[in-house]
Amino acid sequence: MATKCGTCGPGYSSPMEAMKGPREEIIYLPCIYRNTGTEAPDYLATVDVNPKSPQYCQVIEPKDIHAKCGLAYLHTTHCLASGEVMISSLGDPKGNGKGGFVLLDGETFEVKGTWEQPGGAAPMGYDFWYQPRHNVMISTEWAAPNVFQDGFNPADVEAGLYGSQLHVWDWQRREIVQTLPLKDGLIPLETRFLHNPDAAQGFVGCALSSNIQRFYKNQGGTWSVEKVIQVPPKKVKGWVLPEMPGLITDILLSLDDRFLYFSNWLHGDVRQYDVSDPQRPRLTGQIFLGGSIVKGGPVQVLEDQELKSQPEPLVVKGKCVAGGPQMIQLSLDGKRVYVTTSLYSAWDKQFYPDLIREGSVMLQIDVDTVNGGLKLNPNFLVDFGKEPLGPALAHELRYPGGDCTSDIWI
């Protein structure tokens, strides 16, 4: 959709029109330094992804984005039809849970206030997606920043300190009208409505319980949720727990709403499901890109409901890839998936210490959009271990004119 905060974008009239757009040439990634011994600022990396460019697979323009705004633990950003920018919050300045939303002016980016009614924030926050034609917004919850920011402690799960609910908001009144407890749905992170603006359903990835749940509108106007995909845990030896979850950390939908993609950061695979029937997703593609269960690593898999053997370590252009697939982004035409490998620096250090020493990478997967299927592009690698000030951790991926994880049609 075209708004004041996206006037430089093409402003496609529909998701299907966006699929006909030109091939992506650059990608923006926010990055952090975590092993330099200096106070290096966070920065925005611009990566050249045009195969015809002499700078293909290179960081061509790092920009300092360090700023002190006094706001706490911000996460997801969406533009609104009003021209404003809306950003979700995970907590208050002291690190307590608070799932509110900040409004910025779409031209000056000055803070205008909060989006929700006074005192109406959710107990925890993370991601959100709205569907104006149904007067609804769905928000998710990770945990209070004080819980997750120093790493993962299984005792916090037992204490009920991690999120397990979806919040349904009245879009016009800006207030929570329903809270949906997730059966077997721990740490619901990324949420996506179908791109079709008339659709009254979508998906959420529950990280720790490693499942995908579908939310949908009932005839009476209330909302419900059901589990539609489950990634079984693996019984292991040499890890922090006797069972290892997949840990679904990112999901996205192709613009035609045919394919759902998600990443299992711990197991190490990216999956593609045909969701033409959203109630019955069908696995059509899977590829392993590192992870915690590779052969020759410290973890031995004792029982696996899906694999006959542990996957091989991933080597691309001579580099053994540390970490597992985390953030993902899809090209507008649905033919390419881009992947980064860092989740959150404290969790990176805990589960993939090599990431802190070596930096993360960016990879690219070729997609079969006819029959389904995923294949690694062996000629694409962006190594953030070679940044000027030392190894860096790259996170989210964004196109200049909008993409599958940010654009909402009204």
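Residues numbered from 1 in each chain as written. Predicted model: local features only at pLDDT ≥ 70, side-chain atom pairs only at ≥ 80, totals over all residues. Heavy atoms only, no water.

Draft legend 1. Spotlight on the nonpolar core. Formed by 33 residues in total, the largest nonpolar core has its most connected members in W142, Y162, W265, L266, W347 and F351. Secondary-structure elements contributing two or more residues to this core are α2 (145-148), α4 (345-351) and α5 (353-358). Residue contributions to this core peak at three residues, all from α4. Residues Y12, F259, V361 and L376 belong to the second largest nonpolar core, which totals 27 residues. (Core = buried A, V, L, I, M, F, W, Y, C linked by side-chain atoms within 4.5 Å. Buried < 20%, exposed > 50% of the residue type's maximum accessible area, 1.4 Å probe, protein only. Helix = DSSP H or I, 4+ residues; strand = E, 2+ residues; numbered from the N terminus.)

Draft legend 2. Up close: the sheet that holds strand β11 (residues 175-181). Spatial ordering of the open sheet is given by β8-β9-β10-β11, a layout of four strands whose pairing is antiparallel. Taken across any chain shown, the strands that pair with only one partner, and hence form the sheet edges, are β8 (128-131) and β11. Within the sheet, the average angular offset between the axes of one strand and its neighbour, ignoring direction, is 20°. In terms of strand pairing, strand β10 (residues 165-170) meets β11 through six bridges, oriented antiparallel. Looking at β11, one finds that V168 is bridged to Q178. (Pairing = 2+ DSSP bridges. Axes fitted to C-alpha atoms, helices over the stretch in contact; angles between N-to-C directions.)

Draft legend 3. View of the packing of aromatic side chains. In total, this model carries 25 aromatic pairs according to the counting rule given. Measuring from ring centre to ring centre gives 5.5 Å for W142 and W347, while their planes differ by 70°; the resulting arrangement is edge-to-face. Taken together, the residues W142 in the loop between β9 (136-139) and α2 and W347 in helix α4 connect sequence positions 205 residues apart. Under the relative-accessibility criterion, W142 is labelled buried at 7%. Three or more aromatic residues joined by ring pairs form one cluster here, namely Y126, W142, F148, F152, Y162, W239, W265, Y344, W347, F351 and Y352. (Phe/Tyr/Trp six-rings, centres within 6.5 Å; stacked < 30°, edge-to-face > 60°.)

Draft legend 4. Geometry of the sheet that holds strand β16 (residues 234-237). Pairing is antiparallel in the open sheet, where three strands are placed in the order β17-β16-β22. Either end of the sheet is taken by a strand with one partner, and the two such strands are β17 (243-244) and β22 (300-303).

Draft legend 5. Representation of the pattern of salt bridges in the model. Taken as a whole, this structure holds 26 salt bridges when the rule is applied. Where D170 meets R173, a salt bridge forms, and the shortest distance between an N and an O atom there is 3.3 Å. Since its relative accessible area comes to 43%, R173 is described here as partly exposed. D184 serves as the salt-bridge partner of K227, at 3.0 Å between the closest nitrogen and oxygen. Pair noted here: K227 is in strand β15 (residues 223-230) and D184 is in the loop between β11 and β12 (188-193), with a separation of 43 residues, a long-range link. Accessibility expressed as a relative area gives 40% for K227, which makes it partly exposed. Residue classification places D184 among the partly exposed residues on the basis of a relative accessible area of 43%. Through salt bridges with shared partners, a single network forms among K234, D269, R271, D304 and E306. (Salt bridge = Lys/Arg side-chain N within 4 Å of Asp/Glu carboxyl O.)

Draft legend 6. Representation of the confidence of the model for the chain in the model. Across the chain, the average pLDDT comes to 92, with 93% of residues at 70 or higher. This model gives residues 65-71 a pLDDT under 50, and the stretch forms seven contacts once residues within four places in sequence are excluded. (pLDDT = per-residue confidence, 0-100. Contact = heavy atoms within 4.5 Å.)

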